[in-house]
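# Structural characterization, general
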Amino acid sequence: MKQLLYCLTLFLFSPIALSADMPLNMTQGVTEISGRVYELHMIILYICCAIGIIVFGIMIYSMINHRRSKGAVAANFHESTKVEIAWTLIPFVILILMAIPATKTLIAMEDPSNADITIKVTGSQWKWHYSYFDHDIEFYSLLSTPREQIQGAEEKGENYLLEVDKPLVIPTNRKVRFLMTSEDVIHSWWVPAFAVKKDANPGFINEAWTRVDKPGTYRGQCAELCGKDHGFMPIVVEVLPEAEFDKWVVIQQQAAAAAEQQAQAALSKTLTMDELMAQGEQVYLTRCAACHQPNGMGLPGAFPAMKDSPIVMGEISAHIDMVVNGKPGTAMQAFGNQLTAGEIAAVVTYERNAWGNNTGDTVQAADVEQHGQ
């Protein structure tokens, strides 16, 4: 009997001790909210397990000890008011007990008030745009996994499809408020370690928040099926100590000022065809190849080909306008606020002379700037 009780105790309580280390269990995260969500998850899980043990235990006991072969006769209590009240009230009480901690947690998750920092998160196919309202900083965050790894030509890295060129940076010990929206379709900004998962809907603003006490790098993904490259839309958040974050803000502001100076200086430069093609290829592979493919052939029925395209082979001004302003009602985004005039000039030149197009046209940054005036 003692051995049976020991085994039963071990069976009931070992999951509690090991739950945090189980690879299939929910992550505990690194924030207060994520910890509360994890605790709520475990409470509900154990309530469900207890209900399952009781219900299936009674079923198994009844099947063994009240089977027909033993001469058992089924009892008739269909008109028992007491039984019907009991099996109605007991589940009701259990649901109330489950709803109380769940409601408290949900209220806390939906309270972005008194934030120290506000960041607008805009999803688009297939990248994230971050705008720091309090620091006049904004940038796009794109997948940085080499295309060779994606195509299987190279061995996959440690953070395959979970690495970006510019991560979101936030400080420790400060409440960060997120404003979520989208430029095209529905996306979902999800970082499991923060217990933050919020849809980014076009034309709407959703709110979320986090407060992280532990510095580090935390990764997530778009959690809403948003198109062909949905799986290539990772999220990386760098959490820095407060002093380091303040230094990062200054560095970013200085870098933005330097980039503006470089963009202005580029307007007076005239690059050669080779220079434009080299720079344009880099821009194309980073920003355009996801839709139009690296070989410029596009995807029939979804994304038009660049090779022999009427836009590419037509007037230069129309080509520049398409890249700068996009095409409403389609997946073609406006890159005027994403790329510099020099980058747009280079990619337009590349598209007009790659894959056998060979128009011989070159476009300079000054041409793009003049087009926008």
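Up top is the structure.
Fair warning: this is a prediction, and the values are worked out from it, not measured in the lab.

## Quick notes on the overall build of the protein
Tallying secondary structure elements over the protein gives ten helices and ten strands in all. Here the C-alpha atoms of the protein give a radius of gyration of 29 Å, more than 25% beyond the 21 Å that 2.2 N^0.38 yields for 373 residues. Projected onto the principal axes, the alpha-carbon positions of the protein cover approximately 95 × 50 × 40 Å. If you take every contact in the protein between residues at least 6 apart in sequence, the share linking residues at least 24 apart comes to 63%.

## Thoughts on the packing of helix α2 (residues 32-65) against helix α3 (residues 81-109)
Close contact between α2 and α3 brings their axes to 10 Å; oriented N to C, the two are set at 165°. Compared by their axis directions, α2 and α3 come out roughly antiparallel. Relative to α3, α2 is oriented so that their crossing is left-handed. Residues Ile33, Arg36, Val37, Leu40, Ile44, Ile47 and Ile51 of α2 touch α3, and the partners they reach there are Ile94, Met98, Pro101, Ala102, Lys104, Thr105, Ala108 and Met109. Partitioning the contact of α2 with α3 into residue classes produces twelve nonpolar, one polar and two charged.

## Overview of the state of the cysteines
Within this structure, the stated rule accounts for zero disulfides. There is no disulfide at Cys291, and the cysteine sulfur nearest it, in Cys288, is 8.5 Å away.

## Some words on the pairing of strand β7 (residues 196-200)
Only one face of β7 is covered, namely the one carrying Val196, Lys198 and Ala200; the face carrying Lys197 and Asp199 has none of its residues buried. One ladder, built from five bridges, connects strand β6 (residues 187-191) with β7; its direction is antiparallel. Bridge assignment links Ser188 to a residue of β7, and that residue is Asp199. Counting the residues that bridge the hairpin from β6 to β7 gives four residues, and of these Ala195 lies at a positive phi of roughly 55°.

## Section: the sheet that holds strand β9 (residues 216-222)
Spatially, five strands are ordered β4-β10-β9-β6-β7 in an open sheet, and the strand pairing comes out mixed. Here the strands that pair on one side only, and so sit at the sheet edges, are β4 (168-171) and β7. Neighbouring strand axes in the sheet, compared pairwise and without regard to direction, differ in orientation by 25° on average. Set on the sheet, helix α5 (residues 242-266) makes contact with β4 and β10 (234-240); between it and β4 the angle comes to about 135°.

## What about the side chain of Glu351?
Here Glu351 shows up in helix α9 (residues 341-353). In this structure Glu351 is buried but unpaired, with Arg352 as the nearest side chain of opposite charge at 7.6 Å. Contact partners of Glu351, with chain neighbours within four places excluded, come to Tyr284, Cys288, Met306, Val312, His319 and Asn357.

## Focus on the sheet that holds strand β2 (residues 127-132)
On the basis of which strands lie adjacent, the open sheet formed by five strands has the order β3-β2-β1-β5-β8 and mixed pairing. Edge strands, defined here as strands with exactly one partner in the open sheet, are β3 (137-141) and β8 (206-210). Pairwise comparison of adjacent strand axes, ignoring direction, gives a mean angle of 20° for this sheet. Two elements, strand β5 (residues 176-182) and β8, share five bridges in a ladder whose sense is antiparallel. Paired with Leu179 across the two strands is Glu207, which belongs to β8.

## Observations concerning unusual backbone geometry
Along the chain, Gln125 connects to Trp126 via a cis peptide bond; the corresponding omega equals -5°. By secondary structure assignment, the location of Trp126 is in the loop between β1 (117-124) and β2. In the Ramachandran plot, Asp136 falls in the positive-phi region, its phi being about 55° despite a non-glycine side chain. You can see Asp136 is positioned in the loop between β2 and β3. Of note, the phi angle at Asp308 is positive, near 60°, even though the residue is not glycine.

Rules of the game
Residues numbered from 1 in each chain as written. Predicted model: local features only at pLDDT ≥ 70, side-chain atom pairs only at ≥ 80, totals over all residues. Heavy atoms only, no water. Helix = DSSP H or I, 4+ residues; strand = E, 2+ residues; numbered from the N terminus. Rg over C-alpha atoms; globule rule 2.2 N^0.38 Å. Contact = heavy atoms within 4.5 Å. Axes fitted to C-alpha atoms, helices over the stretch in contact; angles between N-to-C directions. Parallel < 35°, antiparallel > 145°, perpendicular 65-115°, else oblique. Left-handed = near helix turned anticlockwise from the far one by under 90°. Nonpolar A, V, L, I, M, F, W, Y, C, P; charged D, E, K, R; others polar. Disulfide = S-S within 2.5 Å. Buried < 20%, exposed > 50% of the residue type's maximum accessible area, 1.4 Å probe, protein only. Pairing = 2+ DSSP bridges. Lys, Arg positive; Asp, Glu negative; His and termini not counted. Salt bridge = Lys/Arg side-chain N within 4 Å of Asp/Glu carboxyl O.

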